[in-house]
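Residues per chain are reported as follows:
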Amino acid sequence: MAMNRTLQRRLAVGSNATIVTFLVVAAVVVVYLLVDRFRVRVDLSADQGSVLAADTVNKLGLLDRDAVAVTVTAFSAQRGKKESYFKDRQLQDLLEEMDYNSALVETRFVDFDKERLTAEKLGVTDYGTVVVQRAERRVDLQDRDLFRRSGKGDDRKIEFLGEAAINRAFSQLMSDTRRVVYALVGHGELDPDGRDPDGMADLAAALDQENYELKKLDFVRDREESAPRVPDDAAAVVVARPRVAIPVLEEDLLLAYLATGGSILYAVEPGGYVPSLLGRLGVVVPEGIVLDKLLVFPYPDRPVPRYKAHPITKDLSDQQLVTVVSRAAPVQAAVPPKEGIRASTLLETSRDGWIERGGALEGGSAKYEPDIDGAGPTAMAIALELGTDSGLVKRGRARVVVLGDTDVITNGLLSEGPGNASFAINTFRWLLGDEGRLSVVGRPSTVRRLALSSEDLGKVRWLVLSIGPMLAVLLGAAVWSSRRGR
Amino acid sequence: MRDVWTLWKKELRIYFVSPLAYVFLSAFLFLAGLFFYLGVTLTGEASLRVLLGNLAITQLFVLPMLTMRHFAEERRQGTLELLMTAPVSLGAIVVGKWLASLTLCLLMFLGTLVFPAVLAYYGDPDWGVMFTSYLGLVCVASAFCAAGLFASSLTDDQVAAGLIGIVLLLPFWLVGRAEALLPEEWADVVRPLSVLVHLDSFNRGVLDSADLFYFLAFTGVFLFLTFRSVESRRWR
């Protein structure tokens, strides 16, 4: 009887303890699920690149909303090559962040050497390729799209631009309609297909990533067939450094296009031909070259431009990414502005900048001479918005950007300055009215290298493998011996 | 609180008057040094990511060995009954022993602070990432010490307690590795259990409330289980 009572008591207390234990564990699980649902994350890394930029998160949200599966397959870098660890780790971290931020985007990191079959299935032949797929469409990103190198020797730097590249790929896949940007040709303009430093093939490729197509517009050839005009599908027109005068008839065609709410990008050079249409918009391109005491060393003709407040430059300014210009022409909007035209400066020199007219640069040095040079700060790029009250636009709002330097959009400098590609792409996004996509095309994270010689490495090895453990052993021996002596 | 303090001192004294702490410290520092050196030579980066990632796994095997003695040895020597009848709450006993193990871990980590100093001398490390990585390491140590303590409360054989501790912790490491082999729906279920998944954000410089809570809950649950396990001796 007593035995039964003891057993009963044990059973009661035991069951009670078990139930309480389960309840506590269940409560912890529930609280965890709640905390997981309402997570708070703080990025303490120096470059703030460990979590995705708001723009990328928004884009992932849009992809999830469309409910069309998107896969991102990243292939490993070649083992044994310099920076392969950095490259793989950056890509893996980025994929993990995408997984975390999206329910629908599937990511996969593939070891190129071990999973050749996957590479073959996707038709991938290069290490480090990233394939972004959505339904039947895909965008391939190569090493050069994902990493940027600069400097030489000990100053050599490598930066990861993968988030921006994949972000652009998403834009390209999300956009159902491919918008066409026409580049005017026939007057010695920059060649949209050109691969030399003066060509715009790199710009065309960057626009292609945005699902914008850069096509040639030749009014002379069109004239042979029917009445020439800017095609109906034109989302914007580029007039890049015409060498000779654009005939009045063609200027009128561009004006007629603007009147319908069109967008034009003008790029001019110092001493070059200035389209007369710019004068009608109140834009002046004074004689001279823009210089600044603040320059991109060692180039005396490359001032470091400052960003002025505008949607095109906002993120670039926030993230302090420099746009590099070379031998830029000054660009000024009429003061006071023409009625119905809102002008904003995009790039400007510092207070120490000036318009060089004396030719001192030819001698290899530049110095402000108040008698002949123009005082700064000087604008190098401006943006105009034209309303119907301007008398030039009949419907909607027309947009015009005038660049005082063509190098910003040519192969020569497009990928040289940290902000050049972003500036060029953002300019087109703004011209085309894609404000929602205005962002920095790249939030780079840099590899933090150690400057270790083989001699230093020997010292480090000795320090970490011998001294530390040895000290612990000596301490232990001292304690043991003192206790033994008691 | 005073009881916890008294027990913490007693347990630490036991650690440091025996050669055990020094053997662990020496072995741990050698392994850490090896991981650090390999990380530096392989990556050439001013980063502790390779070291800290490997140290977390090392703790999975080291910490159960460090905590195996606590309750198993008391039971074997018959001093547990004495301790339980002393005017000290059972909670204070459990927390005191856990804190002593954690303190020893912190001392071991203190020995690795020479590595950030080396990186700062030869490069420009990211101190934010360094801080969160060490915080992650402390979180793992806290969780594994609690699990090791629970294993120690289950048996009176120290070696068995150590092995139970490792077997108990292994799944929390393996699920992170096996995730890719599981069907997607299963992977989603087991993923939150993985220590590696929750440690990852720390190693990238990100403080995530869910990851912090995971380690807090892991520690809390195993301390609670230890409490229950030791308490069960009163009614079994």
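Residues numbered from 1 in each chain as written. Chains lettered and ligands numbered in written order. Predicted model: local features only at pLDDT ≥ 70, side-chain atom pairs only at ≥ 80, totals over all residues.

### Observations concerning the overall build of chain B
Using the following cut-off: Strands here mean DSSP runs of E at least two residues long; helices mean DSSP runs of H or I at least four residues long; both are numbered from the N terminus. Remark: C-beta atoms are placed from the backbone, and a residue is labelled buried if 20 or more other C-beta atoms sit within 10 Å of its own, exposed if 12 or fewer do, or partly exposed between those counts. Any pair of residues counts as being in contact when their C-beta atoms, constructed from backbone geometry, are within 7 Å of one another.
Within chain B, the regular secondary structure consists of 12 helices and 1 strand. Moving toward the C terminus, one meets the helices and strands of chain B in the order α-α-α-α-α-α-α-α-α-α-α-β-α. A total of 236 residues make up chain B; the buried ones form 47% of that total. Within chain B, residue pairs in contact and separated by at least 24 positions form 74% of the contacts whose partners lie at least 6 positions apart.

### Thoughts on the overall build of chain A
Helix and strand content of chain A: 13 helices and 21 strands. Looking at chain A alone, contacts between residues at least 24 apart form 73% of all its contacts between residues at least 6 apart.

### As for the packing of helix α7 (residues 201-209) of chain A against helix α12 (residues 420-431) of chain A
All names here are of chain A. Put simply, the rule reads: Where helices are involved, their axes are fitted lines through C-alpha atoms of the stretch in contact, as for all axes, and angles between N-to-C directions lie from 0 to 180°. Between 65 and 115 degrees an angle is taken as roughly perpendicular, under 35 as roughly parallel, over 145 as roughly antiparallel, and anywhere else as oblique. A clockwise turn of the near helix away from the far one marks a right-handed crossing, whereas an anticlockwise turn of less than a right angle marks a left-handed crossing.
For the pair α7 and α12, interaxial distance at closest approach is 11 Å and the crossing angle is 60°. It follows that α7 is oblique to α12 by the angle criterion. Between α7 and α12 lies a crossing of right-handed hand. Here L203, A206 and L207 of α7 come into contact with α12, specifically with A421, A424, I425 and F428.

### Let's talk about helix α7 (residues 114-122) of chain B
Our working definition: Of all possible arcs, the one meant is that of the directions from the helix axis to the C-beta atoms.
What α7(B) keeps buried is the set B:F115, B:V118 and B:L119. Looking straight down α7(B), one finds that the buried residues subtend no more than 95° of arc, so they occupy a single side.

### Topic: the nonpolar core
Put simply, the rule reads: By definition, a nonpolar core groups buried Ala, Val, Leu, Ile, Met, Phe, Trp, Tyr and Cys residues that connect through C-beta atoms lying within 7 Å of each other.
Judged by nonpolar contacts, the single largest core of 77 residues is most densely connected at A:V237, A:Y266, A:A381, A:I382, A:V402 and A:A424. Not counting chain neighbours up to four residues away, the residues in contact with A:V237 comprise A:Y182, A:L184, A:L217, A:V230, A:L254, A:Y257, A:G262 and A:I264. Counting residues in hydrophobic clusters, the runner-up holds 76 residues, among them A:V460, B:L48, B:V50 and B:I164.

### A look at the sheet that holds strand β4 (residues 130-134) of chain A
Residues and elements named next belong to chain A. To keep it simple, the criterion reads: Whether two strands pair comes down to DSSP finding at least two bridges between them.
Reading across the sheet, the 4 strands line up as β3-β2-β4-β5 and stay open at both edges, with mixed pairing between neighbours. Among the strands making up the open sheet, the edge pair consists of β3 (105-110) and β5 (137-141). Strand-to-strand, the axes of this sheet are offset by a mean angle of 15°, without reference to chain direction. Inspection of the sheet shows strand β2 (residues 70-75) paired to β3 by 6 bridges, in the parallel sense. Note on β3: the bridge partner recorded for F75 is V110. Lying on the sheet, helix α3 (residues 84-101) is in contact with β2 and β3; it crosses β3 at an angle near 160°.

### Remarks on the sheet that holds strand β17 (residues 353-356) of chain A
All names here are of chain A. One open sheet holds the 3 strands; their spatial order is β13-β17-β18, and the pairing between them is antiparallel. The open sheet has two edge strands with one neighbour each: β13 (289-292) and β18 (374-375). Here 4 bridges tie β13 to β17, and the two strands are oriented antiparallel to one another. If you follow V290 over to β17, its bridge partner there is I355.

### A few points about unusual backbone geometry
Of the consecutive residues A:V335 and A:P336, the connecting peptide bond is found in the cis state with omega at -5°. Among the secondary structure elements, A:P336 is positioned in the loop between β15 (332-333) and β16 (341-348).

### Comments concerning the interface of chain B and chain A
What counts, and what does not: Any residue outside Ala, Val, Leu, Ile, Met, Phe, Trp, Tyr, Cys, Pro, Asp, Glu, Lys and Arg is labelled polar, Gly included; the first ten of those are nonpolar and the last four are charged.
Between chain B and chain A, the residue contacts involve 55 residues of the former and 47 residues of the latter. It is helix α2 (residues 20-43) of chain B that provides the largest number of residues to the side of chain B that touches chain A, a total of 14 residues. When its residues are assigned to classes, the side of chain B that touches chain A shows 33 nonpolar, 14 polar and 8 charged. Sheet topology places strand β1 (residues 41-43) of chain A next to strand β1 (residues 206-208) of chain B; 3 bridges connect them, and they run antiparallel. Along β1(B), the bridge assignment pairs A:R41 with B:D208.

### Topic: the confidence of the model for chain A
Let me state the cut-off plainly: Within a predicted model, pLDDT stands for the predictor's per-residue confidence, ranging from 0 to 100.
Mean pLDDT over chain A works out to 84, with 92% of the residues at or above the 70 mark. Within chain A, no element has a lower average pLDDT than helix α8 (residues 219-225) of chain A, which sits at 66, and none a higher one than strand β11 (residues 263-267) of chain A, at 95.

### Let's talk about the packing of helix α3 (residues 49-67) of chain B against helix α8 (residues 127-153) of chain B
Between two packed helices, both the angle of their axes relative to each other and the distance between the axes serve to describe the pair. All names here are of chain B. Relative orientation of the contacting elements α3 and α8 amounts to 25°, with a least axis distance of 8 Å. Relative to α8, α3 is oriented roughly parallel. Where α3 crosses over α8, the handedness of that crossing is right-handed. Between α3 and α8, the contacting residues are L52, L55, A56, Q59, L60, L63, P64, L66 and T67 on the first element and S133, L137, V140, A141, F144, C145, G148, L149, A151 and S152 on the second.

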